[in-house]
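# Tertiary structure, described
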Amino acid sequence: MNKIVTNDGKGLINELGLDAGTLKHKGNYWFTAQKDGNEIEIHTAPADEENETIEIKSVTMNGEELEYCEWCGELMLASEMRKEEQMGYLCERCQMAIESRGEELNYED
Ligand SMILES: [Zn+2]
């Protein structure tokens, strides 16, 4: 995952749909939060020299990795998606939509 958000807390909350008031700074570019009552852990990295933005490197929910579907942009469990060689992670709905257009998908898994 490499998503850039503003480094003011709101960037993470809005981007990941975190529950209000649950975002906690735990350490160096390391945060925890809740999302719909689930435990979220977020690892980030600086994304510019002024430190105004940060890059989301990884997000886990209850210990399971979350990723974005590259086609619809939805955040979901990586284990519920497949990784296409060119496009990256695709959710089941998008896999079917793309294949129904006659495009061939080649999965890494
Ligand atoms: Zn999708």
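Residues numbered from 1 in each chain as written. Predicted model: local features only at pLDDT ≥ 70, side-chain atom pairs only at ≥ 80, totals over all residues.

Attention now moves to the pairing of strand β3 (residues 30–35). Alignment of strand β2 (residues 24–27) against β3, held across 3 bridges, turns out to be antiparallel. When the bridges of β3 are listed, K24 appears paired with T32. Relative to strand β4 (residues 38–46), β3 runs antiparallel, the two sharing 6 bridges. Note on β4: the bridge partner recorded for F31 is I42. (Pairing = 2+ DSSP bridges. Helix = DSSP H or I, 4+ residues; strand = E, 2+ residues; numbered from the N terminus.)

Once that is clear, we can look at the nonpolar core. If you look at the biggest cluster of nonpolar residues, it comprises 10 residues: L12, L16, L18, F31, A33, I40, I42, I56, V59 and L66. Going through the elements one at a time, α1 (10–16), β3, β4 and β5 (53–61) are the ones with two or more residues in this core. If we ignore the near neighbours within four places in the chain, the residues touching A33 are L18, D19, T22, L23, K24, I40 and I42. Of all hydrophobic cores here, the second largest spans 7 residues; its members include C69, M81, C91 and C94. (Core = buried A, V, L, I, M, F, W, Y, C linked by C-beta atoms within 7 Å. Buried ≥ 20, exposed ≤ 12 C-beta atoms within 10 Å, placed from the backbone. Contact = placed C-beta atoms within 7 Å.)

Here the chain is partitioned into domain 1 (3–62) and domain 2 (67–100). Here the C-alpha centre of domain 2 lies 22 Å away from the C-alpha centre of domain 1. (Domains from an automatic or database assignment.)

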